[in-house]
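Take a look at the letters that make up each chain.
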Amino acid sequence: DDKPALEPEGYQTLPDVVPALRSAAASAGLRVRLVPTMNPDGMATKSRENTNGVDLNRNFPASNFSASGSRGKTPLDQPEAEAVARDIRRFGPDLLIVLHSTASGPFVNLDGPDTPTIDFAATFAAAATAGDPRHTWTVKPSMGYETPGSLGSWAGIDLGIPTLTIEYRRGHDPKAATRATVPAMRAIAAHLARPARRGASVR
């Protein structure tokens, strides 16, 4: 099987992260939008691609989009990416948090204006490391390779919405990932509340 591997590490934290984030957001007076997965097809087939063979995180209308079989013929020609983009435009978040994984994780990748994006990333990394000291979370401004049509490229760079891509270590133990993510999300909610902002979005 040569399909790109599914990245389930963030999804596995959601049973504990979602109630913690909702509670923290309510206490801070924040509105939160949660999308557990934007790729239900991939979840079913254990692939990063949808059933059309497209990597949805390369199908956004970023200025660096380039067409290919794995990115789509045109931006947002995949219904999943189109639905997420439409929701972002309607909701108008002050922060996007996207959950991924990579062999070189864990770290926080960021796209968007230096301030406040760097502060958000540092807040997440510090709280995640404190929650699970066995793994030191760092902040990486670049993935080290091009990401044409990615959500970070579109929302973070083109639209100027602070965007954090949380890169768990591939195969990250779900309990350890949860111990890191719950306090990190609480810290982000507290950070967003100073001063109060419009909302946050987790995908």
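For the structure, see preceding data.
Residues numbered from 1 in each chain as written. Predicted model: local features only at pLDDT ≥ 70, side-chain atom pairs only at ≥ 80, totals over all residues. Heavy atoms only, no water.

Caption draft 1: Spatial organisation of the overall build of the protein chain. Helix and strand counts for the protein chain stand at six helices and six strands. Mapped from its N terminus to its C terminus, the protein chain presents α and β elements in the order α-β-α-α-β-β-α-β-α-β-α-β. Here the C-alpha radius of gyration of the protein chain, 16 Å, is about what a compact globule of 203 residues would show, namely 17 Å. Each principal axis of the C-alpha distribution contributes one length, and for the protein chain these read about 40 × 35 × 30 Å. Residue burial in the protein chain is summarised as follows: out of 203 residues, 51% are buried. Nonlocal contacts in the protein chain, meaning residues at least 24 apart in sequence, comprise 77% of its contacts between residues at least 6 apart. (Helix = DSSP H or I, 4+ residues; strand = E, 2+ residues; numbered from the N terminus. Rg over C-alpha atoms; globule rule 2.2 N^0.38 Å. Buried < 20%, exposed > 50% of the residue type's maximum accessible area, 1.4 Å probe, protein only. Contact = heavy atoms within 4.5 Å.)

Caption draft 2: Seen up close, helix 6 (residues 174–192). The end-to-end C-alpha separation of helix 6 is 26 Å, in line with the 27 Å expected for 19 residues at 1.5 Å each. Turning to helix 6, its buried residues number three or more, namely Ala176, Ala177, Thr178, Ala180, Thr181, Val182, Ala184, Met185, Ile188, Ala189, His191 and Leu192. (Expected span 1.5 Å × (residues − 1).)

Caption draft 3: Geometry of the packing of helix 4 (residues 114–131) against helix 6. Between helix 4 and helix 6, the least distance of the axes is 7 Å, while the angle of their chain directions is 145 degrees. Considering how the two elements wind past one another, helix 4 and helix 6 form a crossing that is right-handed. Across the interface between the two elements, Asp119, Phe120, Thr123, Phe124, Ala127, Ala128 and Gly131 of helix 4 pack against Arg179, Ala180, Thr181, Pro183, Ala184, Met185, Ala187, Ile188, His191 and Leu192 of helix 6. The class makeup of the residues in the contact of helix 4 with helix 6 is 11 nonpolar, four polar and two charged. (Axes fitted to C-alpha atoms, helices over the stretch in contact; angles between N-to-C directions. Left-handed = near helix turned anticlockwise from the far one by under 90°. Nonpolar A, V, L, I, M, F, W, Y, C, P; charged D, E, K, R; others polar.)

Caption draft 4: Expanded view of the pairing of strand 5 (residues 163–169). Within strand 5, six of the seven residues are buried, which leaves the element mostly enclosed by the surrounding structure. Both strand 3 (residues 107–111) and strand 5 contribute to a ladder of five bridges, which runs antiparallel. From the neighbouring strand, asparagine 109 faces strand 5, where its bridge partner is threonine 165. (Pairing = 2+ DSSP bridges.)

Caption draft 5: Looking closely at helix 1 (residues 14–28). Helix length check: helix 1, at 15 residues, gives a terminal C-alpha distance of 20 Å against a target of 21 Å (1.5 Å per residue), a fit within 8%. Here helix 1 has its buried residues at Leu14, Val17, Val18, Ala20, Leu21, Ala24 and Ala25.

Caption draft 6: Representation of the pattern of salt bridges in the model. Taken as a whole and judged by the stated rule, the model has seven salt bridges. We note a salt bridge from aspartate 87 to arginine 33, for which the minimum N-O separation is 2.4 Å. Here the residue aspartate 87 occupies a position in helix 3 (residues 79–91), and arginine 33 occupies one in strand 1 (residues 31–34), the gap between them amounting to 54 residues. Among the residues examined, arginine 33 registers a relative accessible area of 37% and is labelled partly exposed. The partner of arginine 179 in a salt bridge is aspartate 132, and the shortest N-O contact between them spans 3.8 Å. A residue pair is termed long-range when its members are at least 10 positions apart, and arginine 179 in helix 6 and aspartate 132 in the loop between helix 4 and strand 4 (138–140) qualify at 47 residues. Among the residues examined, aspartate 132 registers a relative accessible area of 2% and is labelled buried. (Salt bridge = Lys/Arg side-chain N within 4 Å of Asp/Glu carboxyl O.)

Caption draft 7: Inspection of the side chain of threonine 102 at higher detail. Inspection of the secondary structure assignment puts threonine 102 in strand 2 (residues 96–102). Apart from residues lying up to four places away in sequence, threonine 102 is in contact with Phe107, Glu167, Tyr168, Arg169 and Arg170.

Caption draft 8: Fine view of the packing of helix 1 against helix 6. Between helix 1 and helix 6, the least distance of the axes is 9 Å, while the angle of their chain directions is 15 degrees. Considering the angle they form, helix 1 stands roughly parallel to helix 6. Here helix 1 runs over helix 6; the crossing is right-handed. Side by side, helix 1 and helix 6 meet where Asp16, Val17, Ala20, Leu21, Ala24, Ala25 and Ala28 of the first sit next to Thr178, Thr181, Val182, Met185, Arg186 and Ala189 of the second. (Parallel < 35°, antiparallel > 145°, perpendicular 65-115°, else oblique.)

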